[in-house]
There are 2 protein chains.
Amino acid sequence: MAYATRALGALGDPTRRIIFEGLAKRPRAVGELARGLPISRPAVSQHLAVLKAAGLVTDRADGARRLYRVDIAGVDAIRAWLDQFWDRTLDAFKAEAESH
Amino acid sequence: MAYATRALGALGDPTRRIIFEGLAKRPRAVGELARGLPISRPAVSQHLAVLKAAGLVTDRADGARRLYRVDIAGVDAIRAWLDQFWDRTLDAFKAEAESH
DNA sequence: ACTTACCGTAAGTCATGGCTTACGCAACTC
DNA sequence: GAGTTGCGTAAGCCATGACTTACGGTAAGT
């Protein structure tokens, strides 16, 4: 649950969404991501730290490089959070329909 | 698609998430929401405008009041956006498994 | 060992956006 | 019609956070 809120907060930033979408296609290193973006490499590194804390990516050492990939855990946390609203809003509609 | 990015941007703010969760239980008026929050009524009004632009809520006039309720469209847009990553990351795993 | 490549962290700057107060407008009450 | 309630918008303030440069540390190459 707390994971879902942090994941939503992380994906609230447009740059982080682009980075996340880039990692979805295939795992990449930090510098590789930075070259395709209009921001510096440390900025990408900071974004990746936020995504990692939200359970949206995992990192793995690969020599001097560091490969990042998408972590399904964070995606699933958002999914579970969204599922609440389907049920609740349907109940709200039902309750309203019965009230008249 | 553009709806999904705006919806994610909207739910990136913790206060908007609380407002959104409040509306999920039952439709509410602006002032009613503001009384349960530590911020002013205009602030709530501005948050609702953002949620509305993201397709996450709809509003309806009720006398002098204005009732807001959850709109499934925005929720569904995020869902569709998330679905991409399930497929892509699974493909990435599969491709990596086959490569050795 | 020296150099090069790749990365994370620290410190500082600056803009985005969330919040407030003030205002004007519509709807309901008496 | 005067007063009250409920709401949206405008203007301005201020804190959060995104970004930069600078630095140190590890791994591979020559």
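How each quantity is defined
- Residues numbered from 1 in each chain as written.
- Chains lettered and ligands numbered in written order.
- Predicted model: local features only at pLDDT ≥ 70, side-chain atom pairs only at ≥ 80, totals over all residues.
- Heavy atoms only, no water.
- Near = heavy atom within 4 Å.
- Polar contact = N/O pair within 3.5 Å; in protein donor to acceptor, adjacent residues only side chain to side chain.
- Helix = DSSP H or I, 4+ residues; strand = E, 2+ residues; numbered from the N terminus.
- Nonpolar A, V, L, I, M, F, W, Y, C, P; charged D, E, K, R; others polar.
- Pairing = 2+ DSSP bridges.

Another point: the protein's contact with DNA strand C. Around DNA strand C there are 24 residues in total, and Gly31, Ser45 and Tyr68 of chain A together with Ser40 and His47 of chain B lie nearest to it. At the protein interface, 62% of the atoms of DNA strand C within 4 Å belong to sugar or phosphate. Contacts to DNA strand C include Val30 of chain A, whose backbone N or O atom sits 3.0 Å from a phosphate oxygen. At 3.5 Å from a phosphate oxygen of DNA strand C is found a side-chain nitrogen or oxygen belonging to Thr15 of chain B. Mapped by element, the contributors of at least two residues to the surface near DNA strand C are helix H3 (30-35), helix H4 (41-53) and strand S3 (65-70) of chain A together with helix H2 (14-25) and helix H4 (41-53) of chain B. Along the lines of polarity and charge, the residues of the surface near DNA strand C split into 10 nonpolar, eight polar and six charged.

Moving on, we come to the pairing of strand S2 (residues 57-62) of chain B. Working note: regular strand, side chains alternate between the two faces of the sheet. Residue and element names in this part refer to chain B. Pairing geometry for S2 and strand S3 (residues 65-70), over six bridges, is antiparallel. Looking at the pairing, Thr58 lines up with Arg69 of S3. Linking two consecutive strands that pair antiparallel, namely S2 and S3, is a turn of two residues; a positive phi of about 70° is found at Gly63 within it.

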